Amino acid sequence: MRWSKTHIPTLKEDPQEAEIPSHRLMLRAGLIRRLGGGLYTFLPLGLKALRNVERIVREEMDRAGAIEVLMPALQPREIWEQSGRYELLSNVMFRIRDRQDRDLVLGPTHEEIITDLVAREINSYRQLPKTFYQIQTKFRDEIRPRFGLMRAKEFSMKDAYSFNTSPEDLETSYQAMYQAYVRIFERCGLRTKAVEADSGAMGGSSSHEFMVLADAGEDGIVECDACAYAANLERAERRAVAPADETPDRQPEPIATPGHKTIEDVARFLKAKPTDLIKTLIYTANGQPIAVLVPGDRDLNEHKLARLLPGQTLAMADDAQIEKATGAPVGFAGPVGLSLPIYADVSLQGRRRVITGANRADTHLQGVDLTRDVTFTAFADLAICREGDGCPRCAGTLHEKRGIEVGHVFKLGTKYSECFKATYLDPNGKEQVMIMGCYGIGVTRTLQAVIEQSHDAQGIIWPASIAPYQIAILPLNVSHAESLKTAESLMTTLEAQGFSVILDDRDERPGFKFKDADLLGFPLRVVVSERSLAAGQVEIKRRGVDEKVMVSCAEAAQKIVELLK
Ligand SMILES: [Zn+2]
């Protein structure tokens, strides 16, 4: 392809709208353009790279035995009401109406649609297991679309759904998808980490996220420095530690803390450490108030609380509910004398000399002995993990990282198959409910994550597998006939071997062309100059490597193929 025949609008300056390197580079390299918040047009080179990611995803899905389908993005309201998610997803769902006043949804995901389809199409154990997938546009009404393709309102996703006859059968399908994901991200040149993810009521190993480690990541994760344990912060557990040996006071002592409500405030005022204080949070569970205690220097992990109280609707109590439950204004709640169910983080078990709210305005209690002064409903791991916590699986230490979620594999169970009556007849002619798994990859997000992980000050460094063009040929003087002829002949040879090549035929200064080639990140750059041709040679350079190689024109194609492998 000649540069002049396509459209590559590179920018010299950093665009204002971009906050992270990959977003900046996609705009500067002319891969995408913004239409509106969270909406992007793919320009020719961006689209070529996206198609390459899609091709890898498709090849690996097919290899893993998944079957491709394509479902509509536009879906009737009724199917979402059947699963109860018309309400549940109301804050992310685009809803529209047709000319007959029928309500429709722009699909944010497709569990409902595929399960309804399979319920109609499959009815015997002989047809199972099956995994269906599609690569399709999804729509989500993000509160804060940002970072380009990372969090967009319209994006491309690969979603797959397995239908199985037993938990063991599901495990097999899950593992096949897990391994396919490992291969997909490897082939895209991405370093990913599979971490345990929050899976609601399902067990520990039933959900994994594939994370690209990057400072710009929106997900917090922890990983152990000694074993393979890694988890999303929503999910991450920590090793319990024995409480400090504390000498109890004879009784809790009220102390005036006028206007000091936050942990930091109270600690400073009482010259205590935040760890000496207890945070008492008031929540409602199915509308009834409960108290949740965590150490003063820790935050509650609401996902852990939800797992402790399955099936209950949890919400933070509002000011009025807190006053009613504790008899004190917000900021002075404490567990002593509180007649509510009290749940506490496991690290508080055995603490005998702590400071809590007194359930009285402008007052705290010192010298509270939790083993003596409070009756707990249950202790559990309820706090959010952080840097330095003990690994729950070994004696190692957890370290905090940021990650971009590019894939997710999840055991769904029978939630949707029950709802849509996706049943089959087993070998005994008995009706059984199918067990499901679901498996997603953010295709457009994966593309941008590659850039986030692989770039330098000059621009993108594409892996050859998804680069829009694998080779850029730069004749430095396009009015020099022999330069152009050599460049074209090399392009023809390489294209015939299946490589994608761009020939920079612009009448521009060499420095300008070099800068654009670096910005666009083509894996190999071939320079054809009058001087090199005088010696019968061209110059080859790999992106991201300083070394340049001079080879004879006759051997250039062979050398390039070698370097790309
Ligand atoms: Zn460990």
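None of the values given here were measured: they were computed from a predicted structure. (Residues numbered from 1 in each chain as written. Predicted model: local features only at pLDDT ≥ 70, side-chain atom pairs only at ≥ 80, totals over all residues. Heavy atoms only, no water.)

Quick word on the pairing of strand 5 (residues 94-97)
Strand direction decides the pairing type here: strand 5 and strand 6 (residues 103-106), joined by four bridges, are antiparallel. Along strand 6, the bridge assignment pairs Ile-96 with Leu-104. In this structure, the hairpin formed by strand 5 and strand 6 is closed by a connection of five residues, where Asp-101 is found at a positive phi of approximately 65°. (Pairing = 2+ DSSP bridges. Helix = DSSP H or I, 4+ residues; strand = E, 2+ residues; numbered from the N terminus.)

Things to note about the packing of aromatic side chains
Under the counting rule described, the total for this entry stands at eight aromatic pairs. An angle of 55° between the planes, with centres 5.5 Å apart, marks the rings of Tyr-181 and Phe-210 as tilted. Of this pair, Tyr-181 sits in helix 6 (residues 167-187) while Phe-210 sits in strand 10 (residues 207-213), and the two are 29 residues apart along the sequence. Phe-210 carries the same exposure label as Tyr-181, and that label is buried. Each residue in the set Tyr-178, Tyr-181, Phe-185 and Phe-210 is aromatic and connected to the rest through ring pairs, giving one cluster. Over the aromatic face of Tyr-86 sits the side chain of Arg-95, whose NZ or CZ is 3.7 Å from the ring centroid. Across from the ring centre of Trp-3, 4.0 Å away, lies the NZ or CZ of Arg-506, which sits over that ring. (Phe/Tyr/Trp six-rings, centres within 6.5 Å; stacked < 30°, edge-to-face > 60°. Buried < 20%, exposed > 50% of the residue type's maximum accessible area, 1.4 Å probe, protein only. Lys NZ or Arg CZ within 6 Å of the ring centre and 35° of its normal.)

Some thoughts on the sheet that holds strand 14 (residues 278-285)
On the basis of which strands lie adjacent, the open sheet formed by five strands has the order 16-14-15-17-20 and mixed pairing. Every other strand in the sheet has two partners, leaving strand 16 (314-316) and strand 20 (378-380) as the edge strands with one partner each. Across this sheet, the average inter-strand angle for adjacent strands is 30°, counted without regard to direction. Here strand 14 pairs with strand 16 via three bridges, running antiparallel. In the sheet register, Thr-284 faces strand 16, and the bridge partner there is Ala-315. Along the sheet, helix 9 (residues 319-326) makes contact with strand 14, strand 15 (288-295) and strand 16, crossing strand 14 at roughly 110°. (Axes fitted to C-alpha atoms, helices over the stretch in contact; angles between N-to-C directions. Contact = heavy atoms within 4.5 Å.)

Considering the sheet that holds strand 18 (residues 354-357)
Taken in spatial order, the three strands make up an open sheet running 13-19-18, and their pairing is antiparallel. Each edge of the sheet is formed by a strand with only one pairing partner; in this case those strands are strand 13 (253-256) and strand 18. Adjacent strand axes in the sheet meet at a mean angle of 30°, parallel and antiparallel pairs treated alike.

What about the coordination of the zinc ion?
Surrounding the zinc ion are the protein donor atoms Cys-224 (SG), Cys-227 (SG), Cys-391 (SG) and Cys-394 (SG), at 2.2 to 2.3 Å. Read from N- to C-terminus, the donor residues coordinating the zinc ion fall into the pattern C-x2-C-x163-C-x2-C. Taken together, the positions of Cys-227 in the loop between strand 11 (219-224) and strand 12 (230-232) and Cys-391 in the loop between strand 20 and strand 21 (398-413) put the pair 164 residues apart, joining distant regions of the chain. Cys-227 gets classed as partly exposed once you look at its relative accessible area, which sits at 28%. Accessibility expressed as a relative area gives 0% for Cys-391, which makes it buried. (Donors = N, O, S within 2.8 Å, 3.2 Å for Na, K, Ca; no water.)

What about the packing of helix 2 (residues 44-63) against helix 12 (residues 443-453)?
For the pair helix 2 and helix 12, the least separation of the axes is 9 Å and the interaxial angle reads 110°. Classed by the angle they form, the pair helix 2 and helix 12 counts as roughly perpendicular. In the packing of helix 2 onto helix 12, the handedness of the crossing is right-handed. Residues Gly-46, Ala-49, Leu-50, Val-53 and Glu-54 of helix 2 touch helix 12, and the partners they reach there are Val-443, Thr-444, Thr-446 and Leu-447. (Parallel < 35°, antiparallel > 145°, perpendicular 65-115°, else oblique. Left-handed = near helix turned anticlockwise from the far one by under 90°.)

Points about the domain arrangement of the protein
As far as domains go, the protein holds domain 1 (17-71 + 110-201 + 411-451), domain 2 (253-379) and domain 3 (469-564). Each of domain 1 and domain 3 has a C-alpha centre, and the two are 38 Å apart. With six residues of domain 1 at the interface, the matching set in domain 3 holds four residues. Summed over both sides, the interface of domain 1 with domain 3 buries roughly 470 Å², with 82% coming from carbon and sulfur. A per-residue breakdown of the area domain 1 buries against domain 3 is headed by Ala-29, Leu-45 and Lys-48, which together make up 73% of the total. There are zero salt bridges connecting domain 1 and domain 3. The tally of links from domain 1 across to domain 3 stands at zero residue pairs in polar contact (both at pLDDT 80 or more). Those elements giving two or more residues to the side of domain 1 that touches domain 3 turn out to be helix 1 (21-28) and helix 2. Taken together, the residues of the side of domain 1 that touches domain 3 break down into four nonpolar, no polar and two charged. (Domains from an automatic or database assignment. Buried area = accessible area lost by both parts, 1.4 Å probe. Salt bridge = Lys/Arg side-chain N within 4 Å of Asp/Glu carboxyl O. Polar contact = N/O pair within 3.5 Å; in protein donor to acceptor, adjacent residues only side chain to side chain. Nonpolar A, V, L, I, M, F, W, Y, C, P; charged D, E, K, R; others polar.)

Some thoughts on the pattern of salt bridges
For the structure shown, the criterion picks out 45 salt bridges. For Arg-55, the salt bridge is made with Glu-59, and the minimal N-O distance between the two is 3.9 Å. Of this pair, Arg-55 and Glu-59 both sit in helix 2, separated by four residues, roughly a single helical turn. Overall, Arg-55 belongs to the partly exposed group, its relative accessible area being 35%. For Glu-59, a relative accessible area of 35% puts it in the partly exposed group. One network of salt bridges, in which partners are shared, links Arg-55, Glu-59, Glu-60, Arg-63, Arg-183 and Arg-187.

Observations regarding the nonpolar core
Ranked by internal contacts, the top residues of the largest apolar core, which has 62 residues, are Leu-31, Met-61, Tyr-181, Ile-184, Trp-462 and Phe-522. A per-element tally of this core places helix 6 first, with eight residues. Once residues lying within four places of it in the same chain are set aside, the contact partners of Trp-462 are Leu-31, Ala-49, Leu-447, Val-450, Ile-451, Ala-467, Pro-468, Leu-520, Gly-521, Phe-522 and Pro-523. Leu-89, Leu-412, Tyr-416 and Ala-422 belong to the second largest nonpolar core, which has 24 residues in total. (Core = buried A, V, L, I, M, F, W, Y, C linked by side-chain atoms within 4.5 Å.)

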